[in-house]
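Spelled out, the chains give:
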Amino acid sequence: MAMTIHVDIVSAEGEIFSGLAEMVYAPAVMGEVGIAPRHTPLVTRLKPGEVRVDLGDNKEMQHFYVSGGILEVQPHVVTVLADTAIRATDLDEAAAEEAKRRAEDAMADRSAEFEYAKAQAELAEAVAQLRAIERIRKGKRT
Amino acid sequence: MAGAKEIRTQIASIKNTSKITKAMEMVAASKMRKAQNRMAATRPYADKMRNVIGHLFHAHPEYKHTFMIEREVKRVGYIIVSSDRGLCGGLNNNLFRKLFKEMKELRDSGTEVDFCTIGNKALGFFSRFGGNIVSQATHLGDAPHIEDLIGTVKVMLDAYAEGKIDRIYIAYNNFVNTMTQSPSVEQLVPIPPKEVEELKHHWDYIYEPDSKDVLDNLLGRYVESLVYQAVVENGACEQSARMVAMKSASDNAGELINELQLIYNKARQAAITQEISEIVGGAAAV
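Residues numbered from 1 in each chain as written. Chains lettered and ligands numbered in written order. Predicted model: local features only at pLDDT ≥ 70, side-chain atom pairs only at ≥ 80, totals over all residues. Heavy atoms only, no water.

Asker: Where do I start with empty space enclosed by the protein in this structure?
Answerer: By rolling a water-sized probe across the atoms, one finds the places where empty space is left. All names here are of chain B. Enumeration over the complete set of coordinates arrives at two cavities of 30 Å³ or more. Counted as a void, the second largest cavity has a volume near 60 Å³. Taken together, Leu56, Phe57, His60, Tyr63, Tyr207, Ser211 and Leu215 make up the full set of residues lining the second largest cavity. For the lining of the second largest cavity, the per-class residue count stands at five nonpolar, two polar and no charged. (1 Å grid on protein atoms, 1.4 Å probe; cavity = no way out; pocket = protein on both sides within 12 Å on 5 of 7 lines; lining within 4 Å. Points joined across faces, edges and corners; volume = space filled by probe spheres on them. Nonpolar A, V, L, I, M, F, W, Y, C, P; charged D, E, K, R; others polar.)

Asker: For this particular structure, what's the right way to read the packing of helix α2 (residues 91–108) of chain B against helix α3 (residues 120–128) of chain B?
Answerer: The description of two packed helices rests on the angle between their axes and on the distance between the axes. Residue and element names in this part refer to chain B. Their axes nearest at 11 Å, the elements α2 and α3 cross at an angle of 40 degrees. Put simply, α2 runs oblique to α3. Considering only the axes of α2 and α3, their crossing is right-handed. Counting all contacts with α2, which are made through Asn92, Phe96, Leu99, Phe100 and Met103, the residues of α3 involved are Lys121, Ala122, Phe125 and Phe126. Its residues placed into classes, the contact of α2 with α3 shows seven nonpolar, one polar and one charged. (Axes fitted to C-alpha atoms, helices over the stretch in contact; angles between N-to-C directions. Helix = DSSP H or I, 4+ residues; strand = E, 2+ residues; numbered from the N terminus. Parallel < 35°, antiparallel > 145°, perpendicular 65-115°, else oblique. Left-handed = near helix turned anticlockwise from the far one by under 90°. Contact = heavy atoms within 4.5 Å.)

Asker: Just to check I follow, could you spell out a nonpolar patch on the surface for this structure?
Answerer: All names here are of chain B. Side chains of Ile272, Ile276 and Val280 sit close together on the surface and give an oily, nonpolar patch of about 260 Å² of accessible area. Here isoleucine 276 lies in helix α5 (residues 211–285). The exposure class of isoleucine 276 is partly exposed, given its relative accessible area of 48%. (Patch = residues over 30% accessible without salt bridge, like charges linked within 9 Å, V, L, I, M, F, W, Y side chains within 5 Å. Areas by Shrake-Rupley, 256 points an atom, 1.4 Å probe, with all protein chains shown as cover. Salt bridge = Lys/Arg side-chain N within 4 Å of Asp/Glu carboxyl O. Buried < 20%, exposed > 50% of the residue type's maximum accessible area, 1.4 Å probe, protein only.)

Asker: How should I be thinking about the nonpolar core in this particular structure?
Answerer: In terms of nonpolar packing, the biggest core is built from 55 residues, with B:Ile79, B:Ile168, B:Leu188 and B:Leu218 touching the most fellow members. Each residue touching B:Leu188, except ones within four places of it in the same chain, is listed here: B:Ile79, B:Ile168, B:Tyr169, B:Ile170, B:Val223, B:Leu226 and B:Val227. Core analysis: the next-biggest nonpolar cluster, separate from the first, contains 22 residues, A:Ala21, A:Val24, A:Leu42 and A:Val78 among them. (Core = buried A, V, L, I, M, F, W, Y, C linked by side-chain atoms within 4.5 Å.)

Asker: Even after reading the chapter, I still don't get the packing of aromatic side chains, so can you show me in this structure?
Answerer: Aromatic rings considered in pairs are described by the distance between their centres and by the relative angle of their planes. The full count for this structure, using the stated rule, is nine aromatic pairs over all chains. Aromatic pair A:Phe17 and A:Phe64: ring centres 5.4 Å apart, planes at 50 degrees, arrangement tilted. Within this pair, whereas A:Phe17 is found in strand β2 (residues 14–21), its partner A:Phe64 is found in strand β7 (residues 62–66), the two being separated by 47 residues in sequence. Joined through ring pairs, the aromatic side chains of B:Phe96, B:Phe100, B:Phe115, B:Phe125 and B:Phe126 make up one cluster. Here A:Arg52 stacks its cationic end above the ring of A:Tyr25, 4.7 Å away from the centre of that ring. Here B:Arg71 stacks its cationic end above the ring of B:Tyr160, 4.3 Å away from the centre of that ring. (Phe/Tyr/Trp six-rings, centres within 6.5 Å; stacked < 30°, edge-to-face > 60°. Lys NZ or Arg CZ within 6 Å of the ring centre and 35° of its normal.)

Put into structure tokens, the structure is as follows:
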């Protein structure tokens, strides 16, 4: 049997693949890399693309799409820390802006709510006054 | 027999309520199982990442990332994970109470506090409390996705990197078992060194493009994955707390119905007795 290497593909939301393989291909930022058993330790960032796992023994090649992540190679273990989300600096920036804006909106809403409560209190007071006046008028008439 | 009809409608309404609570209990039970599975699924990622980070630190002890450096604490950030919906017992309140106590101590010692809230309940509570909320995320649903959290967490991490805040904590409910959830507050950044120092042997890597770039990426993602884990765990807590709360509500409703049924039967009996004695009395008079 040919030499094999243990491959783990995990994302933050769950494990995607775990098993032995003869070769792993991954889309690293500097170009695609192929990892065979006893590859020297390596850590690299991945760009969006396809991770292929060659199981050997005429088994079908396994394909996994990753939208980025990190590849770590130890002498007998390959780990792909896959992103499930598409990551880019400006996209992240936009998401952060969005989160900030939502917080500000929520804070603004609070003041709106407060004003609503105040208006409601004022309305109740006015209604009570009106009722009192009506009662006085009725009392005068009879 | 004036009260009988009222009692009957009351029994009917309590029965309806108990039907709802029972249904909610069952829904929560099935959701809880799913949430627990999800919780287990997030572990390997964080474990693997911790492993890689551990190796990196052993290989490069001289390079200190900002996320690893302890600073004097003048302002702290809290990422607060809560549920979106209520009816889950004291889950959120226990957490908020614990936080409140810590915050009071911090304020007394002159430390400012910023918040980042996840979930409706935390947002409502801390905006009323008058905290400075810098970012928020709500409506994550039963199966939260990490992309919904990236922005929210990034606001905090950016503030840390710029030196606006000196420490970030995460507050969430820890899932002990179905009956027990314990509110916990943990330090997120700077990353406590003990978490990355448990390695037997280590080696250096080849880095592409370079070590700094890789490390920056890794640490950001590591923090995100911890937050994600907390959110998922809190979700499991929410469901189990709701299940327990709804179970006790259904039990209470059952007790209430029994009591009312007894009162109703007594009233009915009394009415019948009275009617009979009236008839007998009437017959005797004739």
